[in-house]
Amino acid sequence: MDGDDDTSGTMIDEIYANGGEESDQRSRRAIMSGDQLDVEAYAALYSGRTKIMRLLFIASKSKIPTVQLDTLRMAYDEIKKGENTQLFREVVQKINGRLGPNYEMDLSWCEGVDRKAEQKKERLENELNAYRTNLIKESIRMGYNDFGDFYYSHGQLGDAFKSYVRTRDYCTTSKHIVHMCLSTILVSIEMGQFSHVSSYVSKAEQGTDALDPIIISKLRCAAGLANLEAKKYKLAARKFLETGPELSSHYNDVIASQDVATYGGLCALATFDRAELKSKVIDNSNFRNFLELVPEVRELINDFYSSHYASCLEYLGNLKANLSLDIHLHDHVETLYDLIRHKALIQYTHPFVSVDLNMMANAFKTTVVGLEKELEALITDNQIQARIDSHNKILYARHADQRNATFQRVLETGREFDRDVRSMLLRSNLIKHDYNFRASRKL
Amino acid sequence: MDPLEAIVAQIQGLSSSSSDIARLHTILKQSDDSLRSDSNRLSPILSLIDPSIHSLGFLYILDAFTAPSSSNQPQAEEVVPIITRFISACSVEQIRLAPEKFVSVCKRLKDQVMLLEAPLRGVAPLLTALRKLQVSSEHLTPLHAEFLLLCLSAKCYKTGLSILDDDVFEVDHPRDLYLYCYYGGMICIGQKRFQKALDLLHNVVTAPMTMMNAIIIEAYKKYILVSLIRHGQFSTSLPKYCSQLAQRNLKVFCQSPYMEIAHAYSTGKVADLEAFLNAHADKFESENNLGLAKQVVSSMYKRNIQRLTQTYLTLSLEDIANTVHLNSAKEAEMHVLQMIQDGDIYATINQKDGMVRFLEDPEQYKTCEMIEHIDSSIQRIMALSRKLTKSDEQIACDQLYLSKVGRERQRYDFDDYDVPQKFNI
């Protein structure tokens, strides 16, 4: 990154001037990357059901009609390659004839697929029954697995999940178990059952045999997603950061390498401290491969680390529209952004005894009044130890007087103890009295 | 000889030594009924006996004389001075022989002054009576509650406070304690000593009990409001040691509008809280808590201003008014000024440019007074923990307690033994 080389001597100037020329030049690039989402390129990153689901998700969230129709058209095409008639009907309903006669309801296709599915199901059932009477473990496992695949391709996720789980009793090698786990993880992610995801990830990792690096990477991603959904951003960041470069496009029926970079980068930014950020993200040669795929995220992490907050926040702002169209990230975008912004504010104020609010507002590209409000919230939350001189617009760091605080606390604790013991004695006397009273009545 | 005259003679004759008084006491107990039946003839006798020497006899006759069942109820104006004189003159040793009689006479005094609508007349005599009756300052007599009630009615809260500073441990009847704490809490509220009020009400709410009663419900309502005023928050969960009954029922009884006002407070918006209060003013009014509820609202302004001192060094009055939703800078100034006066915040107002400068707490914990204060606190706490140990030892040696614990364990073992048999059937 070009900012790194010239910071050495002019560091102090930079802090004040980081709203200046350099970031202008950068912001131009940033705006380009913040363009409307290129749906074609996006969809090309994925395969299988997740592609359809992501397209449909964008269609439902996007406000722009052309994007909606584009995504729906691509979803239509994609579904037709598969066998999921239920989803097909839904999409056709959503298109509602807006894409011309080529994208109308295709009843004959639906019926054909349904009929074939019916036949296939019957065949599978017969096969499975035959295996079961013969009691051949491996065949039974295969039979259930086929059933799982069948249900999955027809969109019956609950049944698919059950079938995959059933194969577990017939697994004979650790490889089978890993396969079972991956299948269930795949289905659970689509069902949004992320608690299943984490439990099957740990089950797969328990295996004694050394796992294939690709599979390890897949499991890391799945665990990362599960943590992300559970709002455990720090754990999610760790998992994504551990993902190996072997992943490339092997797991694109769930997650693309670009996503690993974005999810991991944002979560790390929101939760890691400076040292961790440096050692685990910026100096992480594994993860650098991922970051290269999404230069915006790489840039914004570097900006954050080198305290170019204005440009970092600008990158974030540009990315926001696209990130909120992401099927996994959209719920968390706001929270992560808030966390990152708060961290930036805290980090900015940390080294100073006093900070000029005008300068700080400039660095964060905001107004002094707005900044004051944000700082107020952080101070109230006890995240920044400082007080605002609203008259002169200066933020002063506050150094807590340990001695006074200790005295205060000691006196308060004493009072509390005093109070508690007295009411306790009173209560015990009451109980004693009550007991004596009852005993005397009994006599 | 007329039995009445005989009794008078006995009283006059048997008042010198303690053995005589004990004999007199048994005689008086026996003749209590006959005294009551002759109550209309007792008035002249009272003037014959000296209350300071013959306290016990005087007490019995006075009790019979003022008993509400008697056919011709004596006039309040006549009774009050007699009882007042008796209370101030009576001998402590003699009245303690018949505490129930003494309490009932004092209660009658209270009833009479309430009847006359002059509660002030009963305050001083009851305080004297209470001090005479209690064995130690830790002892709660039934008169405590009556006394506090009179203080409340007469609005002399300061006199009431004098007995609230005693730590009470010995209780004759739980109901006395409930009332004592409830009235005491109200007196402290009147004096704006909210922490003390909170402690007292807390004692009522968490008192062990086996039946719900109105006192505890009313106390809980006030407890919610005072807790909001004092701490700016109210935790809806009661402590573990609170009785099961209270934990289950109190919230239900106080749901509207008390739990709701606590909820409205927690949102931190003054406008919401005020709107809520206005909407439920009738309800608060009917339960005599409107004034307290209004103080809850004003405490919110205070709390918001106090919060500003944590974040700002200087802030204009205008901004203060805006952040805490006051109408004008002038109003904000009044609030800040009041709070500086009360010692809630440390600040200076610069009227020239309308700026408020918030300062740190000037207390440095270096003065002699502070050291003395700390020392006295330490002494108090040491005394308290000695008492705690003693009480613990006492309970551990208590025969009833031990027999109960022993019995329960035995039964428990028996149950254990019993289980397989049940399964056999």
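Residues numbered from 1 in each chain as written. Chains lettered and ligands numbered in written order. Predicted model: local features only at pLDDT ≥ 70, side-chain atom pairs only at ≥ 80, totals over all residues. Heavy atoms only, no water.

An unreviewed UniProt entry lists chain B under the name COP9 signalosome complex subunit 3, with Vicia faba given as the organism.

The name an unreviewed UniProt entry assigns to chain A is PCI domain-containing protein, from the organism Vicia faba. Quoted straight from UniProt, the Sequence similarities (unreviewed entry) entry for chain A says "Belongs to the CSN1 family." (UniProt positions renumbered as here; feature names shortened; annotations may be inferred.)

Some details on the overall build of chain B
Counting its secondary structure elements, chain B contains 23 helices and five strands. Counting across all 425 residues of chain B, residues that qualify as buried make up 46%. Across chain B, every contact between residues at least 6 apart in sequence was considered, and the portion connecting residues at least 24 apart equals 64%. Accessible surface computed for chain B: about 22,000 Å², of which carbon and sulfur atoms make up 53%. (Helix = DSSP H or I, 4+ residues; strand = E, 2+ residues; numbered from the N terminus. Buried < 20%, exposed > 50% of the residue type's maximum accessible area, 1.4 Å probe, protein only. Contact = heavy atoms within 4.5 Å. Areas by Shrake-Rupley, 256 points an atom, 1.4 Å probe, with all protein chains shown as cover.)

Brief notes about the overall build of chain A
Helix and strand counts for chain A come out as 22 helices and three strands. Scored against the burial criterion, the 443 residues of chain A give a buried share of 46%. Put simply, of all contacts in chain A between residues at least 6 apart along the chain, 61% involve residues at least 24 apart. With an accessible surface of roughly 21,900 Å², chain A has 52% of that area assigned to carbon and sulfur atoms.

Points about helix α22 (residues 368-397) of chain B
Over its 30 residues, α22 of chain B extends 44 Å from the first C-alpha to the last, a length consistent with the 44 Å expected when each residue adds 1.5 Å. Every buried residue of α22 of chain B is listed here: M370, I374, L384 and S391 of chain B. (Expected span 1.5 Å × (residues − 1).)

Remarks on the pairing of strand β3 (residues 394-397) of chain A
Residue and element names in this part refer to chain A. Here strand β1 (residues 354-356) runs beside β3; their pairing, made up of three bridges, is antiparallel. In the strand pairing of β3, V355 is matched with L395. Bridge count between strand β2 (residues 386-389) and β3: four bridges; the pairing is antiparallel. Within β3, the position partnered with R387 by the bridge is Y396. Here β2 folds back onto β3, and the loop between the two strands holds four residues, one of which, K393, carries a positive phi near 55°. (Pairing = 2+ DSSP bridges.)

Examining the UniProt feature "coiled-coil region" (unreviewed entry) in chain A
Listed under "coiled-coil region" (unreviewed entry) in the UniProt record, and renumbered for this structure, are residues 110-141 of chain A. Between the first and last C-alpha atoms of residues 110-141 of chain A the distance is 30 Å; the span itself is 94% helix and 0% strand.

Let's talk about the packing of helix α6 (residues 85-95) of chain A against helix α7 (residues 107-134) of chain A
Residues and elements named next belong to chain A. Look at α6 against α7: their axes get within 10 Å of each other, and the N-to-C directions meet at 165°. When the axes of α6 and α7 are compared, the pair comes out roughly antiparallel. The two elements α6 and α7 meet at a crossing, and its hand is left-handed. Taken together, the residues of α7 that come into contact with α6 (itself represented by T85, F88 and R89) are W109, C110, V113 and D114. Tallied by class, the residues present in the contact of α6 with α7 amount to four nonpolar, one polar and two charged. (Axes fitted to C-alpha atoms, helices over the stretch in contact; angles between N-to-C directions. Parallel < 35°, antiparallel > 145°, perpendicular 65-115°, else oblique. Left-handed = near helix turned anticlockwise from the far one by under 90°. Nonpolar A, V, L, I, M, F, W, Y, C, P; charged D, E, K, R; others polar.)

A look at the pattern of salt bridges
Residues and elements named next belong to chain A. For the structure on display, the rule yields 40 salt bridges over all chains. A salt bridge links R141 to E138; the nearest nitrogen and oxygen atoms lie 3.3 Å apart. Of the two residues, R141 and E138 both sit in helix α8 (residues 137-153), three residues apart, roughly one turn of that helix. (Salt bridge = Lys/Arg side-chain N within 4 Å of Asp/Glu carboxyl O.)

Brief notes about the interface of chain A and chain B
Listed as interface residues are 38 residues of chain A and, on the opposing side, 50 residues of chain B. In this assembly, chain A packs against chain B so that about 4,100 Å² is buried in total across both faces, 59% of it on carbon and sulfur atoms. Run the count over chain A and chain B and you get four salt bridges. In this structure, E360 of chain B engages R387 of chain A in a salt bridge whose closest nitrogen and oxygen atoms are separated by 2.8 Å. On the surface where chain A and chain B come into contact, there are 17 residue pairs in polar contact (both at pLDDT 80 or more). At the level of elements, α21 (368-380), β2 and α22 (402-442) of chain A are the ones that each hand at least two residues to the side of chain A that touches chain B. Here the side of chain A that touches chain B is composed, by residue class, of 15 nonpolar, 11 polar and 12 charged. (Buried area = accessible area lost by both parts, 1.4 Å probe. Polar contact = N/O pair within 3.5 Å; in protein donor to acceptor, adjacent residues only side chain to side chain.)

Thoughts on the confidence of the model for chain B
Residues and elements named next belong to chain B. With 93% of its residues at a pLDDT of 70 or more, chain B has an overall mean of 84. In the model, residues 417-425 has pLDDT below 50 throughout and makes zero contacts with residues more than four positions away in sequence or in other chains. Taken together, the chains of this predicted complex give a pTM of 0.69 and an interface ipTM of 0.79. (pLDDT = per-residue confidence, 0-100.)

Considering the nonpolar core
F102, Y220 and I320 of chain B are the most contacted members of the largest nonpolar core, which has 221 residues in total. No other element matches the 11 residues that helix α14 (residues 214-231) of chain B contributes to this core. Listed in part, the 26 residues of the second largest apolar core include V39, C110, A256 and L325 of chain A. (Core = buried A, V, L, I, M, F, W, Y, C linked by side-chain atoms within 4.5 Å.)

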